Amino acid sequence: IGLRSQLKDSVPVAGFCPQGAYGVQDSLRSGFTSVKNDLIPSHPLELSEKNFQLNQDKMNFSTLRNIQGLHAPLKLQMEYRAARQIQRLPFLQSSNLALDTLRNSDECIGFEDILSDPAQSEVMGEPHMMVEYKLGLL
Amino acid sequence: MALSNSYETPAPGFNFDNAARNAALEGLFDGGQTPKPLKTGTTIAGVVFKDGVVLGADTRATSSEVVADKMCAKIHFISPNIYCCGAGTAADTEKTTDLLSSNLTIFSLNSGRNPRVVMAVNILQDMLYRYHGQIGANLILGGVDCTGNHLYTVGPYGSVNKVPYLSMGSGDLAALGILEDGFKADLELSLAKELVRAAIHAGIMSDLGSGSNIDICVITKQGVDYIRPYQESQYKHSRKTKYKYPAGTTPILTEKVVPLKLEVVQETVQQMETA
């Protein structure tokens, strides 16, 4: 599994990583660069929303570690990683049922279930490119 | 349609792609002529009385200086024992209360119990704090549950206040004056309804953003009485004449008919199986 497709797991420092090869902006795909766009997101909520689930998990796991010791978050994270690997091909929408059950988000409705539902998106990505990006061949 | 410039499907939830474009557009319009969202510019009030909670609201929704909706419903259903009045941006209050109602329904289906008002307040507080006030919803939640009668207010940044009487919206100062003057602990039902009605009426008279009718919602252990409208505005007007014109009012000067020439290019017959 390619390294760049796993970058989205880490909290980015400046907010956005350039998408092209060698870390340089890919003008064909993402348009012209602008220092302001790269450093400051255009909306105050953009960064906090992008990393919201990540930050929540970090906070919960560190609290759990402080209360119950290292083994508790370790075991839970093992289950999360196993559940996160049950996915369909990159351009198809996976149900994430196991992950939702672990997170208890199958019993909650939030804005991410109503707005911009990927199952009903009007555009589709190109399958070949998405699989290549996922495998790190691109 | 396949987009060749995206590596991953867009994440669900809010999409901030247009934020930069909007900021640039606002500079172009010099003077803020961008379309304003529909605000409710409201007067909403709530009072805890002996047997439950009375919530009241006006019914006007404004879009800057124009009245956009004369009969909008500001008292939203959350669960059979909890109702919520919403002030602020109309869409935000609607969607937030809908989400809250869905979450509490799932909970009550799972556990078989009626939700408590504190649960609704906590869910709202978490949700609104997460968006740092960008969701403009000032809400008054009132309900009756196994622990008693409760009235809470939740601000757009996630602040929560538990009080026996309360008013929110642009007309809240006028309404609060009436409430401060007339509130006593353990009121009777009719007195409580009259107090809320007077408070909303003061808001309607003194505030441009509030108007039209008054809605009242009484929540008790026995059930809910949603009276819409409780008092109609005295400035209602009805249309004086019918505006439908009879056929032939407009004279026809000329008439020209051009038949479309169609030719049969291909004919296929498909047998339908009706067995």
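Residues numbered from 1 in each chain as written. Chains lettered and ligands numbered in written order. Predicted model: local features only at pLDDT ≥ 70, side-chain atom pairs only at ≥ 80, totals over all residues. Heavy atoms only, no water.

## Topic: the overall build of chain B
Within chain B, the regular secondary structure consists of five helices and 13 strands. For 275 residues, the compact-globule estimate of 2.2 N^0.38 gives 19 Å, and chain B exceeds it by more than 25% at 26 Å. The dimensions of chain B, computed from C-alpha atoms along their principal axes, are 85 × 60 × 60 Å. Residues counted as buried form 39% of the 275 residues belonging to chain B. Within chain B, contacts between residues at least 6 apart in sequence are counted, and of these 61% link residues at least 24 apart. Of the roughly 16,900 Å² that chain B leaves accessible, carbon and sulfur atoms contribute 54%. Charge separation in chain B, taken as the distance between the mean sites of 24 positive and 27 negative side-chain charges, equals 5 Å. (Helix = DSSP H or I, 4+ residues; strand = E, 2+ residues; numbered from the N terminus. Rg over C-alpha atoms; globule rule 2.2 N^0.38 Å. Buried < 20%, exposed > 50% of the residue type's maximum accessible area, 1.4 Å probe, protein only. Contact = heavy atoms within 4.5 Å. Areas by Shrake-Rupley, 256 points an atom, 1.4 Å probe, with all protein chains shown as cover. Lys, Arg positive; Asp, Glu negative; His and termini not counted. Charge placed at Lys NZ, Arg CZ, Asp CG, Glu CD.)

## Focus on the overall build of chain A
If you tally the helices and strands in chain A, you get eight helices and one strand. Secondary structure elements in chain A, listed N-terminal to C-terminal, are α-α-α-α-α-α-α-β-α. At a minimum sequence separation of 6, the contacts of chain A that also span at least 24 residues come to 49%.

## Description of the packing of aromatic side chains
Applying the stated rule across the entire model yields seven aromatic pairs over all chains. Taken together, a centroid distance of 5.2 Å and an interplanar angle of 75 degrees make the contact between F14 of chain B and Y131 of chain B edge-to-face. Note that F14 of chain B is positioned in the loop between β1 (2-3) and α1 (19-28) and Y131 of chain B in the loop between α3 (117-130) and β8 (137-145), a separation of 117 residues in sequence. Assessed through its relative accessible area of 32%, F14 of chain B is described here as partly exposed. With a centroid separation of 5.6 Å and an interplanar angle of 80 degrees, the aromatic rings of F77 of chain B and Y83 of chain B are classed as edge-to-face. Joined through ring pairs, the aromatic side chains of F111 of chain A together with F14 and Y131 of chain B make up one cluster. For the cation-ring pair, R130 of chain B lies above F52 of chain A, with the distance from its terminal atom to the ring centre recorded as 3.7 Å. Positioned over the ring face of Y152 of chain B is K162 of chain B, at 5.3 Å from the centre of the ring. (Phe/Tyr/Trp six-rings, centres within 6.5 Å; stacked < 30°, edge-to-face > 60°. Lys NZ or Arg CZ within 6 Å of the ring centre and 35° of its normal.)

## Regarding the pairing of strand β13 (residues 224-231) of chain B
Relative to β13 of chain B, strand β12 (residues 214-220) of chain B runs antiparallel, the two sharing five bridges. The partner of I214 of chain B across the bridge, within β13 of chain B, is Q231 of chain B. (Pairing = 2+ DSSP bridges.)

## Concerning unusual backbone geometry
All names here are of chain B. Following R228, the chain continues to P229 via a peptide bond in cis, the omega torsion being 0 degrees. Mapped onto the elements, P229 comes out in strand β13. In this structure, H132 takes a positive phi of about 50 degrees despite not being glycine. Here H132 lies in the loop between α3 and β8. Of the residues examined, H132 reaches a relative accessible area of 40% and is grouped as partly exposed. Of note in the backbone geometry, S212 takes a positive phi value of approximately 60 degrees without being a glycine. Along the chain, S212 turns up in the loop between α5 (189-206) and β12.

## What about the sheet that holds strand β7 (residues 82-88) of chain B?
Residues and elements named next belong to chain B. Spatially, five strands are ordered β6-β7-β8-β9-β10 in an open sheet, and the strand pairing comes out antiparallel. Every interior strand has two partners, whereas the edge strands, β6 (75-79) and β10 (160-162), have only one. With direction set aside, neighbouring strand axes in the sheet form an average angle of 25 degrees. Note: β6 against β7, four bridges, orientation antiparallel. (Axes fitted to C-alpha atoms, helices over the stretch in contact; angles between N-to-C directions.)

## What to know about the pairing of strand β9 (residues 148-154) of chain B
Residue and element names in this part refer to chain B. With five of seven residues buried, β9 lies mostly within the body of the structure. The pairing of β8 with β9 spans seven bridges and is antiparallel. Directly across from V144, in β9, lies its bridge partner N149. Two successive antiparallel strands, β8 and β9, enclose a turn made up of two residues. Bridge analysis of β9 against β10 gives three bridges, and the strand direction is antiparallel.

## Details of the packing of helix α4 (residues 172-182) of chain B against α5 of chain B
Residues and elements named next belong to chain B. Closest axis-to-axis distance for the α4/α5 pair is 7 Å, and the angle between their directions is 150 degrees. Regarding the angle of α4 to α5, the classification is roughly antiparallel. Of the two possible hands of crossing, α4 and α5 adopt the one that is right-handed. Where α4 abuts α5, its residues A174, A175, I178, L179 and G182 lie against L195, A198, A199, A202, G203 and S206. (Parallel < 35°, antiparallel > 145°, perpendicular 65-115°, else oblique. Left-handed = near helix turned anticlockwise from the far one by under 90°.)

## Comments concerning the side chain of N103 of chain B
Among the secondary structure elements, N103 of chain B is positioned in helix α2 (residues 90-111). Here the side chain of N103 of chain B touches I109 of chain A through a polar contact of 2.7 Å, landing on its backbone nitrogen. When near neighbours in sequence (up to four residues on either side) are disregarded, N103 of chain B contacts E107, C108 and I109 of chain A together with I123 of chain B. (Polar contact = N/O pair within 3.5 Å; in protein donor to acceptor, adjacent residues only side chain to side chain.)

## Topic: the state of the cysteines
All names here are of chain B. Per the stated rule, a full pass over the model turns up zero disulfides over all chains. There is no disulfide at C72, and the cysteine sulfur nearest it, in C85, is 11 Å away. Here C85 is not cross-linked by a disulfide; its sulfur's nearest cysteine counterpart is in C84, at 6.6 Å. (Disulfide = S-S within 2.5 Å.)

## Regarding the UniProt feature "domain: Proteasome beta subunit C-terminal" (unreviewed entry) in chain B
The positions that UniProt labels "domain: Proteasome beta subunit C-terminal" (unreviewed entry) are, in the present scheme, residues 239-269 of chain B. What you have in residues 239-269 of chain B is 0% helix and 0% strand, and the ends, taken at the C-alpha atoms, are 56 Å apart. (UniProt positions renumbered as here; feature names shortened; annotations may be inferred.)

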